[in-house]
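# Commentary on secondary and tertiary structure
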Amino acid sequence: MKLIIISGRSGSGKSTAVRALEDSGYNCIDNLPISLLEALIMEYLKEDAASTKLAVCIDARSRSLEKFPDILMKLENAAIERQIIYLDALGPSLVKRFSETRRKHPLTTKDIDLRQAIDMEARILGSIADLANLIIDTTNLSAKQLSEQIKERITLREESSISLVFRSFGFKHGIPTVSYTHLRAHETLRY
């Protein structure tokens, strides 16, 4: 079983990373409470674990984040290939992103402004950041660039096949349809 845990501060691109993994064939769960992680993995392990690819996003809204290292230790003995990806960006960039989208930061209240919430979130997620296998700074990345990095660093390394797209059409038959042919890396194409 392949497990990818995505975390990071709000506005750093977690949703973009989850979508990139979902497009690459991962079963994805966004904003998973940490208390449900172990049960979810055990449920997946009951099935055919060898072919399972699971990605979960855990953020600061999840209660009991201090239990994260203990949960990972319990999973060490399971047949899981896991990777933790932590996304982050500089504070001014996160403030700008929230200003542009006009979304409310999940930790802001009437007593906590945006800058304080961003700093508080970094402290809350510190235990996950310390355990991360891959930390990506998204300060200067667009959503498209982040998706490409996720696919390059995670999914392209896993793939051992090549996908080719063949299009054939005649104007008298209407709009062309697309058919996909998958070849393994060592197979050759014959004409």
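This write-up is about the structure you can find in this document. As the structure is a prediction and not an experimental result, all values here were calculated from the model.

As a further point, take the sheet that holds strand S5 (residues 134-137). Pairing in this open sheet of 5 strands is parallel, and the strands run S2-S3-S1-S4-S5 from one edge to the other. Every other strand in the sheet has two partners, leaving strand S2 (27-29) and S5 as the edge strands with one partner each. This sheet shows a mean twist of 20 degrees between the axes of neighbouring strands, independent of strand direction. Relative to strand S4 (residues 81-88), strand S1 (residues 2-8) runs parallel, the two sharing 7 bridges. When the bridges of S4 are listed, Lys 2 appears paired with Glu 81.

Attention now moves to the side chain of Thr 108. Relative to the elements of secondary structure, Thr 108 occurs in the loop between helix H4 (91-101) and helix H5 (114-124). Using a relative accessible area of 14% as the deciding quantity, one classes Thr 108 as buried. Looking at Thr 108, its side chain comes within polar contact range of the main-chain oxygen of His 105, at 2.8 Å. Setting aside its immediate chain neighbours within four residues, Thr 108 contacts Asp 113, Leu 114 and Ala 117.

Turning our attention to the pattern of salt bridges. When the charged atoms of two side chains lie near each other, side chains of opposite charge can form a pair. Counting across every chain of the model gives 3 salt bridges. For Asp 88, the salt bridge goes to Arg 9, with nearest N and O atoms at 2.7 Å. Linking Asp 88 in strand S4 with Arg 9 in the loop between S1 and helix H1 (14-23), this pair joins segments that are 79 residues apart in sequence. Ionic pairing is found between Asp 59 and Arg 61, a salt bridge with its closest N-O pair at 2.6 Å.

On to the pairing of S4, then. Working note: regular strand, side chains alternate between the two faces of the sheet. Direction of pairing for S4 relative to S5: parallel, over a ladder of 4 bridges. Counterpart to Ile 85 in the pairing with S5 is Leu 134.

Along helix H3 (residues 68-75), the residues classified as buried are Phe 68, Ile 71, Leu 72 and Leu 75. In a view along the axis of H3, the buried residues occupy a sector of 100 degrees, so they form one face of it. In H3, the exposed positions that point more than 90 degrees away from the buried face belong to Met 73 and Lys 74. Close packing links the buried residues of H3 with S1, helix H2 (37-46), S4 and helix H6 (126-131).

At a minimum axis separation of 10 Å, H4 and H5 run at an interaxial angle of 125 degrees. With respect to each other, H4 and H5 are oriented oblique. By crossing handedness, the relation of H4 to H5 is classed as right-handed. Taking contact as the criterion, the partners of Gly 91, Leu 94, Val 95 and Phe 98 in H4 are, on H5, Leu 114, Arg 115 and Ile 118. Counted by class, the contact of H4 with H5 contains 5 nonpolar, 1 polar and 1 charged residues.

Looking now at the nonpolar core. Membership of the largest hydrophobic core comes to 27 residues, with the highest contact counts inside it found for Ile 5, Leu 37, Val 56, Ile 58, Phe 68 and Ile 128. Contact partners of Leu 37, with chain neighbours within four places excluded, come to Ile 5, Leu 32, Val 56, Ile 58, Phe 68 and Ile 71.

What counts, and at which threshold
Per chain, residue numbering runs from 1 following the sequence as it is written. For this predicted model, a pLDDT threshold of at least 70 governs which residues receive local features, and a threshold of 80 or more governs which side-chain atom pairs are given and counted, while totals over whole chains, interfaces and linings are taken from all residues. Water and hydrogen atoms were dropped before computing side-chain values, which therefore reflect all heavy atoms in the structure. Note on pairing: two strands pair once DSSP finds at least 2 bridges between them. Secondary structure counts use DSSP, requiring at least four H or I residues in a row for a helix and at least two E residues in a row for a strand, with both numbered from the N terminus. Every angle, taken between N-to-C directions, lies between 0 and 180 degrees, and every axis is a line fitted to C-alpha atoms, over only the stretch in contact when it is a helix. For every residue, the accessible area obtained with a 1.4 Å probe (protein chains only) is divided by the maximum for its type, and the residue is called buried under 20%, exposed over 50%, and partly exposed between those limits. A 3.5 Å cut-off defines polar contacts: any pair of N or O atoms within that distance qualifies, except that in protein one atom must be a possible hydrogen donor and the other a possible acceptor, and neighbouring residues in sequence count only when both atoms are side-chain atoms. By the convention used here, residues are in contact when the closest approach between their heavy atoms is within 4.5 Å. Between Lys or Arg on one side and Asp or Glu on the other, a salt bridge is scored when a side-chain nitrogen of the former is within 4 Å of a carboxyl oxygen of the latter. Here, the arc refers to the directions that run from the helix axis to the C-beta atoms. Should an angle lie under 35 degrees it is considered roughly parallel, over 145 roughly antiparallel, and from 65 to 115 roughly perpendicular; all remaining angles are considered oblique. In this scheme the handedness of a crossing depends on how the near helix is turned from the far one: anticlockwise by less than a right angle means left-handed, clockwise means right-handed. All residues other than Ala, Val, Leu, Ile, Met, Phe, Trp, Tyr, Cys, Pro, Asp, Glu, Lys and Arg, Gly among them, are scored as polar; the first ten of these are nonpolar and the last four charged. Definition used in this section: a nonpolar core is a set of buried Ala, Val, Leu, Ile, Met, Phe, Trp, Tyr and Cys residues joined via side-chain atoms within 4.5 Å.

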